[in-house]
Amino acid sequence: MSKTLSAFRPVDGADGLVHSARKGNLRCTAIRLRDGGLCLYSPVAGLGMAARDSLEALGPVAYLLAPNHYHHKGLAEYCAAFPDAQLICSTAARPRLETQTSLSFAACEDADLGLPPLARVVVPNGLKTGEIWIALRTGSDMIWIVTDAFCGEQAASDTVSDAPRLLGTFPRFGIGDRSAYRAWLAGQVATAAPTRIIPCHGSIIHGDALGAQALQLIDALG
């Protein structure tokens, strides 16, 4: 596995608003903000020159978003590389993140991140890791950017999966109240079912039935 992150490349269907980079099966996602800055969702340790050069071409890094209280290994490195960037996370994830990293975080639910016009911060109900998503509608896609809730195929190249999967650890370590999470997820699917999921683990997932498939994964847990 490479020791450094790849260059950031545009995600299909995102109208140039989302770019992603990988190190093995881990992904960092860059979201272009309204003012031209970037929010990095789940900074992955190993920020090499390929990633840094591609980010410089995209715009200044304004926010470093820790998307749950486990994804923090790269934060100190990114803080040093982008000293003007603000650290953000969910309110629920902040206590453990600050204990684990000795860094200070702002709650992204309370901040105006300047996301694209059809993007929003999403706080799942029923999880216990403080996971936070970004939902983004473009002309061709409804995109969910998620952390550990769903994953794609583990592959050396960034092939596209046609169905979401669950990380083996997610049911035990991610879900706090399965009924509450399932009900919340069903509401999200009914309102704006995803056609593309960008996970932190594995390949990007694309298809017309992703919402129904996501619910089936939770139902299969019993």
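Just above sits the structure.
Please read all numbers here as calculations on a predicted model, not as lab measurements. (Residues numbered from 1 in each chain as written. Predicted model: local features only at pLDDT ≥ 70, side-chain atom pairs only at ≥ 80, totals over all residues. Heavy atoms only, no water.)

*Asks:* Explain the nonpolar core to me, please; I cannot follow it from the model alone.
*Replies:* Buried together is how nonpolar side chains tend to be arranged in soluble globular proteins. In terms of nonpolar packing, the biggest core is built from 46 residues, with Tyr41, Trp133, Trp144, Ile145, Phe150, Tyr181 and Leu185 touching the most fellow members. Secondary-structure elements contributing two or more residues to this core are β4 (38-41), β5 (61-65), β8 (119-122), β9 (133-137), β10 (142-145), α5 (178-192), β11 (196-198) and α6 (210-219). Here the element with the most residues in this core is α5; it accounts for five residues. By size, the runner-up hydrophobic cluster in this structure holds 25 residues, among which are Phe8, Ala51, Leu55 and Phe82. (Core = buried A, V, L, I, M, F, W, Y, C linked by side-chain atoms within 4.5 Å. Buried < 20%, exposed > 50% of the residue type's maximum accessible area, 1.4 Å probe, protein only. Helix = DSSP H or I, 4+ residues; strand = E, 2+ residues; numbered from the N terminus.)

*Asks:* For this particular structure, what's the right way to read the packing of aromatic side chains?
*Replies:* Each aromatic ring pair is characterised by the separation of its centres together with the angle its planes make. Scanning all chains against the criterion turns up six aromatic pairs. Ring plane angle 40° and centroid distance 5.2 Å describe the contact between Trp133 and Trp144, whose orientation is recorded as tilted. Here Trp133, found in strand β9, pairs with Trp144, found in strand β10; they are eleven residues apart in sequence, far enough to count as distant. Each member of the pair, Trp133 as well as Trp144, is classed as buried. Measuring from centroid to centroid gives 6.1 Å for Phe170 and Tyr181, while their planes differ by 70°, and the two rings are edge-to-face. Pair noted here: Phe170 is in helix α4 (residues 170-173) and Tyr181 is in helix α5, with a separation of eleven residues, a long-range link. Here Phe170 falls in the buried class, since its relative accessible area comes to 2%. (Phe/Tyr/Trp six-rings, centres within 6.5 Å; stacked < 30°, edge-to-face > 60°.)

*Asks:* What am I meant to see in α5 here?
*Replies:* Given 3.6 residues per turn, any residue in an α-helix points the same way as the ones three and four places further on. Helix length check: α5 (15 residues) gives 21 Å between terminal C-alpha atoms against 21 Å at 1.5 Å per residue, within 8%. Among the residues of α5, those classed as buried are Tyr181, Trp184, Leu185, Gln188, Val189 and Ala192. Taken end-on, α5 shows its buried residues confined to a sector of 140°, consistent with a single buried face. Within α5, the exposed residues directed more than 90 degrees away from the buried face are Ser179, Ala183, Ala190 and Thr191. Those residues of α5 that are buried lie in contact with β8, β9, β10, α4 and α6. Its side-chain oxygen 3.2 Å from the backbone nitrogen of Ser179, Asp177 forms the N-cap of α5. (Expected span 1.5 Å × (residues − 1). Arc of directions from axis to C-beta. Contact = heavy atoms within 4.5 Å. Polar contact = N/O pair within 3.5 Å; in protein donor to acceptor, adjacent residues only side chain to side chain.)

*Asks:* Would you explain the pairing of β5 in this entry?
*Replies:* Look at any regular strand and the pattern is simple: side chains alternate between the two faces of the sheet. The buried fraction of β5 amounts to four of the five residues, a majority that puts the element mostly inside the structure. Bridge count for β4 against β5 is four bridges, and the pairing is parallel. Residue pairing across strands places Leu40 opposite Leu64, the latter belonging to β5. What joins β4 to β5 is helix α1 (residues 49-58), and the crossover it makes is right-handed. (Pairing = 2+ DSSP bridges. Right-handed = clockwise from strand over helix to strand, strands pointing away.)

*Asks:* When you look at the layout of surface pockets in this model, what are you seeing that I'm missing?
*Replies:* The method is simple in principle: a probe with the dimensions of a water molecule rolls over the atoms, and the space it marks as empty is what remains. One number sums up the size of the largest pocket: a volume of about 230 Å³. Elements with a contribution of two residues or more to the lining of the largest pocket: β1 (9-10) and β2 (18-23). Looking at which element gives the most residues to the lining of the largest pocket, the answer is β2, with three residues. Split by residue class, the lining of the largest pocket holds six nonpolar, two polar and five charged. Put simply, the second largest pocket is a space of about 160 Å³. (1 Å grid on protein atoms, 1.4 Å probe; cavity = no way out; pocket = protein on both sides within 12 Å on 5 of 7 lines; lining within 4 Å. Points joined across faces, edges and corners; volume = space filled by probe spheres on them. Nonpolar A, V, L, I, M, F, W, Y, C, P; charged D, E, K, R; others polar.)

Nothing here speaks to function; it is geometry throughout.
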